[in-house]
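One-letter residues, chain by chain:
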Amino acid sequence: MPNANEETSPALSQVQRRAVSELLRVSPVADDLARRFQEAGFTLALVGGSVRDALLGRLGNDLDFTTDARPDDVLRIVRPWADAVWEVGIAFGTVGAQKAGTVGDTRQEFQIEITTYRSESYDRTSRKPEVAYGDSIEEDLVRRDFTVNAMAVALPQKTFIDPYDGLQDLASGALRTPGTPEASFSDDPLRMLRAARFAAQLDFEVAPDVVSAMKAMAERIEIVSAERVREELNKLILSGHPRKGLALLVDTGLAERVLPELPALRLESDEHHRHKDVYEHSLTVLEQAIDLEENGPDLVLRLAALLHDIGKPRTRRFEKDGGVSFHHHEVVGAKLVKRRMTELKYSNELVKDVSRLVELHLRFHGYGTGEWTDSAVRRYVRDAGPLLDRLHKLTRSDCTTRNKRKATALSRAYDGLEERIAQLQEQEELDSIRPDLDGNQIMETLGVAPGPVIGAAYTFLLELRLENGPMGHDDAVSALKEWWARQG
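Okay, so let's go over this structure. Keep in mind it's a predicted model, so treat the numbers as computed, not measured.

**A closer look at the packing of aromatic side chains**
Moving on, step 1. Enumeration according to the criterion identifies four aromatic pairs in this entry.
Moving on, step 2. Centroid distance F460 to W483: 5.5 Å. Interplanar angle 20°. Geometry classified as stacked. Placement of F460 in helix α22 (residues 452–468) and of W483 in helix α23 (residues 473–486) is noted, with a sequence separation of 23 residues between them. Both residues of the pair, F460 and W483, count as buried.
Moving on, step 3. Ring geometry for W483 versus W484: centroids 6.1 Å apart, planes at 35°, classification tilted.
Moving on, step 4. Take W484: its relative accessible area is 33%, and that puts it in the partly exposed class.
Moving on, step 5. Among the aromatic side chains, those forming a connected cluster through ring pairs are F460, W483 and W484.

**Some remarks on the environment of L56**
Moving on, step 1. For L56, the position within the fold is in the loop between α2 (49–55) and β2 (62–67).
Moving on, step 2. In sequence terms L56 and A19 are 37 residues apart; their C-alpha atoms lie 7.2 Å from each other.
Moving on, step 3. Setting aside residues up to four positions removed in sequence, L56 forms contacts with R18, L170 and L202.

**Overview of the pattern of salt bridges**
Moving on, step 1. For the structure shown, the criterion picks out 35 salt bridges.
Moving on, step 2. Put simply, E261 and R340 hold a salt bridge, and the shortest N to O gap is 3.0 Å. Of this pair, E261 sits in the loop between α11 (255–258) and α12 (278–291) while R340 sits in helix α15 (residues 329–343), and the two are 79 residues apart along the sequence. As far as the burial class goes, E261 and R340 line up, both buried.
Moving on, step 3. Via salt bridges that share partners, D145, R194, R197 and E232 belong to a single interconnected network.

Cut-offs and rules
Chains are numbered independently. Their residues run from 1 in the order of the written sequence. Under the rules for a predicted model, residues below a pLDDT of 70 receive no local features and side-chain atom pairs below 80 are neither given nor counted, while totals for whole chains, interfaces and linings still include all residues. Where side-chain values are given, they derive from all heavy atoms of the structure, hydrogens and water being excluded. Stacked, tilted and edge-to-face pairs are distinguished by plane angle, under 30 degrees for stacked and over 60 for edge-to-face with tilted covering the rest, among Phe, Tyr and Trp rings (Trp via its six-membered ring) whose centres lie within 6.5 Å. Numbering of helices and strands starts at the N terminus; helices are DSSP runs of H or I of at least 4 residues and strands are runs of E of at least 2. Burial here depends on accessible area, computed with a 1.4 Å probe over protein chains only, as a share of the maximum for the residue type. Under 20% is buried, over 50% is exposed, and the range in between is partly exposed. Should any heavy atoms of two residues lie within 4.5 Å, those residues are considered in contact. When a carboxyl oxygen of Asp or Glu is within 4 Å of a side-chain nitrogen of Lys or Arg, the pair counts as a salt bridge.

What follows is the structure, given as C-alpha coordinates:
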(Lines give C-alpha, C1' and ligand atoms only; values in the text may rest on other atoms or scores of the structure.)
Protein backbone atom coordinates (compact mmCIF):
# COMPACT_ATOMS: atom_id res chain seq x y z
CA MET A 1 0.00 0.00 0.00
CA PRO A 2 1.89 3.13 -1.10
CA ASN A 3 1.59 6.13 1.20
CA ALA A 4 3.02 9.61 1.14
CA ASN A 5 3.92 9.35 4.84
CA GLU A 6 6.26 6.36 4.92
CA GLU A 7 7.25 5.19 8.41
CA THR A 8 9.72 2.49 9.32
CA SER A 9 9.05 1.95 13.04
CA PRO A 10 8.43 -1.70 14.02
CA ALA A 11 4.90 -0.91 15.23
CA LEU A 12 3.92 0.69 11.94
CA SER A 13 5.54 -2.05 9.89
CA GLN A 14 3.56 -4.64 11.80
CA VAL A 15 0.18 -2.96 11.31
CA GLN A 16 0.93 -2.32 7.65
CA ARG A 17 1.69 -5.99 7.09
CA ARG A 18 -1.56 -6.94 8.78
CA ALA A 19 -3.45 -4.49 6.60
CA VAL A 20 -2.01 -5.91 3.39
CA SER A 21 -3.01 -9.41 4.47
CA GLU A 22 -6.56 -8.35 5.38
CA LEU A 23 -7.06 -6.33 2.20
CA LEU A 24 -5.86 -9.19 0.05
CA ARG A 25 -8.50 -11.37 1.73
CA VAL A 26 -11.40 -9.09 0.72
CA SER A 27 -9.93 -8.06 -2.63
CA PRO A 28 -12.11 -10.33 -4.78
CA VAL A 29 -15.21 -8.44 -3.65
CA ALA A 30 -13.76 -4.98 -2.99
CA ASP A 31 -11.76 -4.75 -6.20
CA ASP A 32 -14.66 -5.99 -8.32
CA LEU A 33 -16.91 -3.29 -6.86
CA ALA A 34 -14.22 -0.61 -7.26
CA ARG A 35 -13.75 -1.43 -10.95
CA ARG A 36 -17.46 -0.94 -11.53
CA PHE A 37 -17.29 2.51 -9.95
CA GLN A 38 -14.18 3.30 -11.99
CA GLU A 39 -15.87 2.29 -15.22
CA ALA A 40 -18.78 4.59 -14.34
CA GLY A 41 -16.39 7.52 -13.84
CA PHE A 42 -16.34 7.53 -10.03
CA THR A 43 -13.86 6.69 -7.27
CA LEU A 44 -14.27 4.21 -4.42
CA ALA A 45 -12.26 3.78 -1.24
CA LEU A 46 -12.40 1.50 1.76
CA VAL A 47 -12.73 3.85 4.70
CA GLY A 48 -13.07 4.42 8.43
CA GLY A 49 -13.54 1.46 10.72
CA SER A 50 -12.82 -1.03 7.94
CA VAL A 51 -9.35 0.43 7.37
CA ARG A 52 -8.72 0.67 11.10
CA ASP A 53 -9.73 -2.97 11.61
CA ALA A 54 -7.63 -4.08 8.62
CA LEU A 55 -4.61 -2.41 10.24
CA LEU A 56 -5.44 -4.16 13.51
CA GLY A 57 -5.69 -7.51 11.74
CA ARG A 58 -9.37 -8.04 12.49
CA LEU A 59 -11.29 -6.93 9.41
CA GLY A 60 -14.58 -8.79 9.27
CA ASN A 61 -17.12 -9.12 6.50
CA ASP A 62 -18.69 -5.69 7.15
CA LEU A 63 -17.07 -3.32 4.67
CA ASP A 64 -17.47 0.48 4.63
CA PHE A 65 -16.74 2.44 1.47
CA THR A 66 -16.84 6.10 0.52
CA THR A 67 -17.29 7.55 -2.97
CA ASP A 68 -17.76 10.77 -4.90
CA ALA A 69 -20.84 9.20 -6.55
CA ARG A 70 -24.18 10.52 -5.37
CA PRO A 71 -26.65 7.99 -3.88
CA ASP A 72 -28.67 7.63 -7.10
CA ASP A 73 -25.48 6.82 -9.02
CA VAL A 74 -24.44 4.36 -6.30
CA LEU A 75 -27.77 2.56 -6.64
CA ARG A 76 -27.38 2.40 -10.41
CA ILE A 77 -23.93 0.81 -10.09
CA VAL A 78 -24.66 -1.55 -7.20
CA ARG A 79 -28.09 -2.97 -8.09
CA PRO A 80 -26.93 -5.16 -11.01
CA TRP A 81 -23.94 -6.40 -8.96
CA ALA A 82 -25.20 -7.02 -5.43
CA ASP A 83 -27.29 -9.92 -4.19
CA ALA A 84 -29.45 -7.51 -2.19
CA VAL A 85 -29.66 -3.74 -1.83
CA TRP A 86 -31.35 -1.58 0.80
CA GLU A 87 -31.96 2.13 1.02
CA VAL A 88 -32.63 2.59 4.74
CA GLY A 89 -29.81 5.15 5.12
CA ILE A 90 -30.11 6.81 1.73
CA ALA A 91 -31.35 10.07 3.27
CA PHE A 92 -27.91 10.29 4.90
CA GLY A 93 -26.08 9.33 1.71
CA THR A 94 -25.64 5.63 2.50
CA VAL A 95 -26.59 2.65 0.36
CA GLY A 96 -26.41 -0.83 1.85
CA ALA A 97 -25.77 -4.06 -0.03
CA GLN A 98 -25.06 -7.73 0.44
CA LYS A 99 -22.71 -9.67 -1.78
CA ALA A 100 -21.42 -13.22 -1.68
CA GLY A 101 -17.81 -13.74 -2.66
CA THR A 102 -15.24 -16.51 -2.73
CA VAL A 103 -12.38 -16.00 -0.31
CA GLY A 104 -9.77 -18.69 -0.71
CA ASP A 105 -11.79 -21.88 -0.87
CA THR A 106 -14.81 -20.61 1.04
CA ARG A 107 -17.93 -18.73 0.07
CA GLN A 108 -18.62 -15.74 2.35
CA GLU A 109 -21.32 -13.10 2.69
CA PHE A 110 -20.23 -9.47 2.81
CA GLN A 111 -22.33 -6.68 4.30
CA ILE A 112 -21.45 -3.47 2.50
CA GLU A 113 -22.19 0.21 3.09
CA ILE A 114 -21.29 2.84 0.50
CA THR A 115 -21.55 6.46 1.58
CA THR A 116 -21.17 9.55 -0.56
CA TYR A 117 -18.51 12.02 0.60
CA ARG A 118 -20.32 14.06 3.20
CA SER A 119 -20.27 16.13 6.34
CA GLU A 120 -22.76 16.16 9.18
CA SER A 121 -23.65 18.86 11.66
CA TYR A 122 -26.27 19.67 14.27
CA ASP A 123 -27.78 22.99 15.03
CA ARG A 124 -28.39 23.93 18.65
CA THR A 125 -31.86 22.42 18.84
CA SER A 126 -31.89 19.60 16.29
CA ARG A 127 -31.73 15.90 17.18
CA LYS A 128 -31.04 14.89 13.57
CA PRO A 129 -27.87 15.63 11.58
CA GLU A 130 -27.97 17.80 8.49
CA VAL A 131 -26.19 16.10 5.61
CA ALA A 132 -24.18 17.94 2.98
CA TYR A 133 -22.38 16.07 0.21
CA GLY A 134 -18.70 16.76 -0.46
CA ASP A 135 -16.47 16.54 -3.50
CA SER A 136 -13.17 15.19 -2.14
CA ILE A 137 -12.11 12.37 0.10
CA GLU A 138 -9.94 14.72 2.16
CA GLU A 139 -13.02 16.80 2.93
CA ASP A 140 -14.85 13.61 3.90
CA LEU A 141 -12.06 12.39 6.18
CA VAL A 142 -11.64 15.64 8.12
CA ARG A 143 -15.29 15.37 9.16
CA ARG A 144 -14.80 11.92 10.69
CA ASP A 145 -14.70 11.41 14.42
CA PHE A 146 -11.12 10.30 15.14
CA THR A 147 -7.88 10.08 13.21
CA VAL A 148 -7.84 6.28 13.50
CA ASN A 149 -11.16 6.32 11.64
CA ALA A 150 -10.03 8.98 9.14
CA MET A 151 -7.91 6.72 6.95
CA ALA A 152 -8.87 5.32 3.56
CA VAL A 153 -7.56 2.93 0.93
CA ALA A 154 -8.36 3.99 -2.63
CA LEU A 155 -9.35 1.00 -4.75
CA PRO A 156 -8.55 -0.92 -6.83
CA GLN A 157 -4.98 0.49 -6.80
CA LYS A 158 -4.85 0.26 -2.97
CA THR A 159 -3.37 3.68 -2.30
CA PHE A 160 -3.29 4.45 1.41
CA ILE A 161 -4.72 7.88 2.31
CA ASP A 162 -3.87 9.17 5.79
CA PRO A 163 -3.86 12.99 5.93
CA TYR A 164 -4.21 13.17 9.74
CA ASP A 165 -1.62 10.59 10.87
CA GLY A 166 -4.20 8.05 11.93
CA LEU A 167 -1.72 5.24 11.35
CA GLN A 168 0.69 6.74 13.88
CA ASP A 169 -2.13 7.19 16.41
CA LEU A 170 -3.23 3.60 15.83
CA ALA A 171 0.30 2.36 16.48
CA SER A 172 0.64 4.44 19.67
CA GLY A 173 -2.91 3.77 20.93
CA ALA A 174 -4.12 7.38 20.90
CA LEU A 175 -7.57 8.83 20.18
CA ARG A 176 -7.40 12.26 18.58
CA THR A 177 -9.77 14.16 16.30
CA PRO A 178 -8.77 15.13 12.72
CA GLY A 179 -9.69 18.76 13.35
CA THR A 180 -10.27 20.44 16.69
CA PRO A 181 -12.27 18.39 19.19
CA GLU A 182 -14.68 21.29 19.60
CA ALA A 183 -15.47 21.33 15.89
CA SER A 184 -15.82 17.54 15.79
CA PHE A 185 -18.18 17.39 18.78
CA SER A 186 -20.15 20.35 17.50
CA ASP A 187 -20.70 18.50 14.21
CA ASP A 188 -22.00 15.46 16.10
CA PRO A 189 -22.14 15.45 19.93
CA LEU A 190 -22.49 11.65 19.92
CA ARG A 191 -18.78 11.55 19.15
CA MET A 192 -18.11 12.31 22.81
CA LEU A 193 -19.69 8.97 23.70
CA ARG A 194 -17.85 7.35 20.83
CA ALA A 195 -14.56 8.53 22.35
CA ALA A 196 -15.39 6.61 25.52
CA ARG A 197 -16.59 3.63 23.49
CA PHE A 198 -13.43 3.43 21.37
CA ALA A 199 -11.26 3.83 24.47
CA ALA A 200 -13.07 0.80 25.90
CA GLN A 201 -13.05 -1.24 22.68
CA LEU A 202 -9.47 -0.52 21.60
CA ASP A 203 -7.95 0.11 25.05
CA PHE A 204 -6.66 3.45 23.73
CA GLU A 205 -5.86 6.65 25.60
CA VAL A 206 -7.98 9.69 24.77
CA ALA A 207 -5.90 12.79 24.05
CA PRO A 208 -6.03 15.48 26.78
CA ASP A 209 -7.53 18.12 24.48
CA VAL A 210 -10.29 15.68 23.53
CA VAL A 211 -11.06 14.98 27.19
CA SER A 212 -11.14 18.73 27.92
CA ALA A 213 -13.61 19.30 25.08
CA MET A 214 -15.79 16.44 26.36
CA LYS A 215 -15.96 18.13 29.78
CA ALA A 216 -16.69 21.55 28.31
CA MET A 217 -19.35 20.35 25.86
CA ALA A 218 -20.99 17.54 27.86
CA GLU A 219 -24.40 19.21 27.87
CA ARG A 220 -24.51 19.04 24.05
CA ILE A 221 -25.15 15.27 24.30
CA GLU A 222 -28.70 16.09 25.37
CA ILE A 223 -29.73 16.89 21.78
CA VAL A 224 -28.83 13.38 20.60
CA SER A 225 -31.65 10.86 20.44
CA ALA A 226 -31.99 8.26 23.19
CA GLU A 227 -31.68 5.45 20.64
CA ARG A 228 -28.25 6.63 19.43
CA VAL A 229 -27.05 7.12 23.00
CA ARG A 230 -28.26 3.63 23.94
CA GLU A 231 -26.42 1.98 21.05
CA GLU A 232 -23.14 3.65 22.01
CA LEU A 233 -23.59 2.63 25.64
CA ASN A 234 -24.26 -0.94 24.57
CA LYS A 235 -21.10 -1.08 22.47
CA LEU A 236 -19.10 0.38 25.35
CA ILE A 237 -20.53 -2.02 27.93
CA LEU A 238 -20.00 -5.01 25.62
CA SER A 239 -16.39 -4.03 24.92
CA GLY A 240 -13.22 -5.61 26.26
CA HIS A 241 -12.46 -2.76 28.70
CA PRO A 242 -15.79 -1.23 29.79
CA ARG A 243 -14.38 0.21 33.04
CA LYS A 244 -12.12 2.48 31.02
CA GLY A 245 -14.96 3.92 28.97
CA LEU A 246 -17.40 4.21 31.87
CA ALA A 247 -14.81 6.01 34.02
CA LEU A 248 -14.25 8.48 31.18
CA LEU A 249 -18.01 9.16 30.94
CA VAL A 250 -18.16 9.79 34.68
CA ASP A 251 -15.03 11.94 34.82
CA THR A 252 -16.14 14.17 31.94
CA GLY A 253 -19.69 14.68 33.22
CA LEU A 254 -21.27 12.88 30.27
CA ALA A 255 -22.61 10.14 32.52
CA GLU A 256 -24.56 12.77 34.47
CA ARG A 257 -26.60 13.31 31.32
CA VAL A 258 -26.96 9.81 29.90
CA LEU A 259 -26.70 7.48 32.91
CA PRO A 260 -26.85 9.71 36.03
CA GLU A 261 -27.36 6.75 38.38
CA LEU A 262 -23.74 5.70 37.75
CA PRO A 263 -21.94 8.82 39.05
CA ALA A 264 -24.51 8.97 41.87
CA LEU A 265 -22.85 5.81 43.22
CA ARG A 266 -19.82 7.88 44.22
CA LEU A 267 -21.20 8.29 47.73
CA GLU A 268 -19.19 10.44 50.06
CA SER A 269 -17.55 8.19 52.62
CA ASP A 270 -18.68 8.49 56.20
CA GLU A 271 -15.93 9.41 58.64
CA HIS A 272 -15.52 5.84 59.87
CA HIS A 273 -15.57 4.32 56.36
CA ARG A 274 -18.31 1.88 57.33
CA HIS A 275 -19.29 1.14 53.72
CA LYS A 276 -17.53 0.39 50.46
CA ASP A 277 -17.00 2.80 47.61
CA VAL A 278 -20.17 1.76 45.78
CA TYR A 279 -19.02 3.17 42.44
CA GLU A 280 -15.73 1.27 42.42
CA HIS A 281 -17.50 -1.80 43.77
CA SER A 282 -19.98 -1.71 40.88
CA LEU A 283 -17.22 -1.49 38.27
CA THR A 284 -15.43 -4.39 39.93
CA VAL A 285 -18.63 -6.47 39.96
CA LEU A 286 -19.00 -5.76 36.24
CA GLU A 287 -15.46 -6.98 35.58
CA GLN A 288 -15.97 -10.09 37.70
CA ALA A 289 -19.23 -10.84 35.89
CA ILE A 290 -17.41 -10.57 32.57
CA ASP A 291 -14.90 -13.13 33.81
CA LEU A 292 -17.78 -15.59 34.35
CA GLU A 293 -19.26 -15.22 30.85
CA GLU A 294 -19.22 -18.46 28.90
CA ASN A 295 -20.66 -17.68 25.48
CA GLY A 296 -19.40 -14.22 24.68
CA PRO A 297 -20.50 -10.80 25.97
CA ASP A 298 -23.88 -10.84 27.75
CA LEU A 299 -25.57 -7.44 27.75
CA VAL A 300 -28.23 -8.44 30.30
CA LEU A 301 -25.64 -9.70 32.79
CA ARG A 302 -23.32 -6.74 32.27
CA LEU A 303 -26.07 -4.15 32.73
CA ALA A 304 -27.32 -5.92 35.84
CA ALA A 305 -23.80 -6.08 37.28
CA LEU A 306 -23.15 -2.41 36.58
CA LEU A 307 -26.50 -1.21 37.93
CA HIS A 308 -27.21 -3.70 40.72
CA ASP A 309 -26.55 -1.18 43.51
CA ILE A 310 -28.05 1.99 42.01
CA GLY A 311 -30.71 1.96 44.74
CA LYS A 312 -28.10 2.58 47.44
CA PRO A 313 -27.90 6.39 47.22
CA ARG A 314 -31.68 6.62 47.71
CA THR A 315 -31.75 4.20 50.65
CA ARG A 316 -28.58 5.03 52.60
CA ARG A 317 -29.16 5.60 56.31
CA PHE A 318 -26.68 6.31 59.08
CA GLU A 319 -27.72 4.18 62.03
CA LYS A 320 -27.51 5.12 65.72
CA ASP A 321 -24.80 2.53 66.32
CA GLY A 322 -22.57 4.23 63.74
CA GLY A 323 -23.29 1.75 60.98
CA VAL A 324 -24.66 2.43 57.51
CA SER A 325 -27.67 0.64 56.02
CA PHE A 326 -29.20 0.38 52.56
CA HIS A 327 -32.47 -1.37 53.38
CA HIS A 328 -34.48 -2.50 50.34
CA HIS A 329 -31.98 -0.95 47.92
CA GLU A 330 -32.56 -3.90 45.58
CA VAL A 331 -36.27 -3.02 45.28
CA VAL A 332 -35.59 0.69 44.79
CA GLY A 333 -32.76 -0.15 42.39
CA ALA A 334 -35.01 -2.35 40.24
CA LYS A 335 -37.44 0.56 39.84
CA LEU A 336 -34.61 2.96 38.95
CA VAL A 337 -33.25 0.50 36.39
CA LYS A 338 -36.66 0.15 34.82
CA ARG A 339 -37.09 3.91 34.55
CA ARG A 340 -33.61 4.63 33.17
CA MET A 341 -33.65 1.79 30.64
CA THR A 342 -37.12 2.78 29.49
CA GLU A 343 -35.93 6.35 28.92
CA LEU A 344 -33.04 4.97 26.87
CA LYS A 345 -35.59 3.06 24.75
CA TYR A 346 -34.43 -0.45 25.62
CA SER A 347 -36.77 -3.27 24.67
CA ASN A 348 -39.40 -4.29 27.20
CA GLU A 349 -37.83 -7.74 27.48
CA LEU A 350 -34.38 -6.34 28.27
CA VAL A 351 -35.81 -3.89 30.81
CA LYS A 352 -37.71 -6.70 32.48
CA ASP A 353 -34.70 -9.03 32.68
CA VAL A 354 -32.19 -6.50 34.00
CA SER A 355 -34.55 -5.00 36.57
CA ARG A 356 -35.51 -8.50 37.75
CA LEU A 357 -31.86 -9.46 38.27
CA VAL A 358 -31.28 -6.25 40.24
CA GLU A 359 -34.33 -7.04 42.37
CA LEU A 360 -33.07 -10.58 43.05
CA HIS A 361 -29.36 -9.92 43.55
CA LEU A 362 -29.59 -10.05 47.37
CA ARG A 363 -31.97 -13.01 47.56
CA PHE A 364 -29.14 -15.47 48.22
CA HIS A 365 -27.93 -13.50 51.25
CA GLY A 366 -31.43 -13.48 52.71
CA TYR A 367 -31.16 -17.20 53.41
CA GLY A 368 -27.92 -16.89 55.37
CA THR A 369 -25.14 -19.45 55.08
CA GLY A 370 -26.96 -22.39 56.61
CA GLU A 371 -28.48 -25.44 54.95
CA TRP A 372 -31.03 -24.57 52.29
CA THR A 373 -34.42 -26.23 52.69
CA ASP A 374 -36.09 -27.80 49.68
CA SER A 375 -38.76 -25.10 49.88
CA ALA A 376 -36.20 -22.27 49.81
CA VAL A 377 -34.43 -23.81 46.82
CA ARG A 378 -37.69 -24.19 44.91
CA ARG A 379 -38.65 -20.56 45.54
CA TYR A 380 -35.20 -19.33 44.53
CA VAL A 381 -35.38 -21.23 41.24
CA ARG A 382 -39.02 -20.22 40.63
CA ASP A 383 -38.33 -16.52 41.24
CA ALA A 384 -35.25 -16.49 38.99
CA GLY A 385 -36.95 -18.45 36.21
CA PRO A 386 -34.94 -18.32 32.95
CA LEU A 387 -32.54 -15.82 34.57
CA LEU A 388 -31.20 -18.40 37.04
CA ASP A 389 -27.83 -18.88 35.32
CA ARG A 390 -27.30 -15.12 35.15
CA LEU A 391 -28.38 -14.76 38.78
CA HIS A 392 -25.72 -17.31 39.73
CA LYS A 393 -23.07 -15.23 37.95
CA LEU A 394 -24.31 -11.90 39.33
CA THR A 395 -24.43 -13.18 42.91
CA ARG A 396 -20.93 -14.61 42.71
CA SER A 397 -19.63 -11.41 41.10
CA ASP A 398 -21.12 -9.28 43.87
CA CYS A 399 -18.50 -10.53 46.33
CA THR A 400 -15.64 -7.99 46.21
CA THR A 401 -14.45 -8.27 49.80
CA ARG A 402 -10.69 -8.33 50.39
CA ASN A 403 -11.26 -10.66 53.33
CA LYS A 404 -10.23 -14.00 51.82
CA ARG A 405 -11.89 -16.01 54.58
CA LYS A 406 -15.22 -14.25 54.05
CA ALA A 407 -14.96 -14.55 50.28
CA THR A 408 -14.21 -18.25 50.51
CA ALA A 409 -17.14 -18.81 52.88
CA LEU A 410 -19.54 -17.02 50.52
CA SER A 411 -18.26 -18.98 47.54
CA ARG A 412 -18.68 -22.28 49.36
CA ALA A 413 -22.16 -21.32 50.49
CA TYR A 414 -23.15 -20.58 46.91
CA ASP A 415 -21.53 -23.82 45.77
CA GLY A 416 -23.82 -25.50 48.28
CA LEU A 417 -26.88 -23.77 46.86
CA GLU A 418 -26.03 -24.81 43.31
CA GLU A 419 -25.52 -28.39 44.51
CA ARG A 420 -28.93 -28.34 46.20
CA ILE A 421 -30.52 -27.01 43.01
CA ALA A 422 -28.89 -29.77 40.98
CA GLN A 423 -30.07 -32.42 43.45
CA LEU A 424 -33.67 -31.22 43.38
CA GLN A 425 -33.61 -30.87 39.60
CA GLU A 426 -32.88 -34.57 39.38
CA GLN A 427 -35.96 -35.30 41.48
CA GLU A 428 -38.36 -32.59 40.31
CA GLU A 429 -38.98 -30.35 37.32
CA LEU A 430 -37.61 -27.22 39.00
CA ASP A 431 -37.36 -25.30 35.75
CA SER A 432 -41.13 -25.38 35.31
CA ILE A 433 -42.65 -25.55 38.77
CA ARG A 434 -46.45 -25.68 38.60
CA PRO A 435 -49.27 -27.02 40.78
CA ASP A 436 -50.25 -30.69 40.61
CA LEU A 437 -53.66 -29.68 39.21
CA ASP A 438 -54.27 -27.41 36.24
CA GLY A 439 -57.13 -24.95 35.81
CA ASN A 440 -59.52 -27.47 34.27
CA GLN A 441 -58.88 -29.99 37.04
CA ILE A 442 -59.45 -27.29 39.66
CA MET A 443 -62.84 -26.37 38.13
CA GLU A 444 -63.80 -30.05 37.90
CA THR A 445 -62.83 -30.72 41.53
CA LEU A 446 -64.61 -27.67 42.92
CA GLY A 447 -67.53 -27.77 40.50
CA VAL A 448 -67.18 -24.07 39.68
CA ALA A 449 -67.04 -22.03 36.49
CA PRO A 450 -64.07 -19.91 35.37
CA GLY A 451 -63.55 -16.88 37.61
CA PRO A 452 -61.28 -15.30 40.24
CA VAL A 453 -61.63 -18.31 42.54
CA ILE A 454 -59.70 -20.46 40.06
CA GLY A 455 -56.71 -18.10 40.28
CA ALA A 456 -56.86 -18.16 44.09
CA ALA A 457 -57.00 -21.97 44.09
CA TYR A 458 -54.12 -22.17 41.65
CA THR A 459 -52.02 -19.88 43.89
CA PHE A 460 -52.82 -22.05 46.91
CA LEU A 461 -51.74 -25.21 45.11
CA LEU A 462 -48.59 -23.52 43.81
CA GLU A 463 -47.60 -22.55 47.35
CA LEU A 464 -48.14 -26.14 48.45
CA ARG A 465 -45.98 -27.34 45.57
CA LEU A 466 -43.19 -24.93 46.49
CA GLU A 467 -43.35 -25.86 50.13
CA ASN A 468 -43.73 -29.65 49.86
CA GLY A 469 -42.62 -30.63 46.38
CA PRO A 470 -44.71 -32.84 44.06
CA MET A 471 -47.86 -34.11 45.81
CA GLY A 472 -49.55 -36.36 43.30
CA HIS A 473 -53.08 -35.97 41.94
CA ASP A 474 -55.06 -37.50 44.82
CA ASP A 475 -53.23 -35.61 47.57
CA ALA A 476 -53.61 -32.37 45.63
CA VAL A 477 -57.38 -32.97 45.25
CA SER A 478 -57.74 -33.60 48.98
CA ALA A 479 -55.74 -30.48 49.87
CA LEU A 480 -57.77 -28.39 47.43
CA LYS A 481 -61.09 -29.62 48.88
CA GLU A 482 -59.91 -28.79 52.41
CA TRP A 483 -58.90 -25.31 51.26
CA TRP A 484 -62.27 -24.84 49.53
CA ALA A 485 -64.14 -25.83 52.67
CA ARG A 486 -62.24 -23.19 54.64
CA GLN A 487 -63.33 -20.53 52.18
CA GLY A 488 -66.88 -20.77 53.48
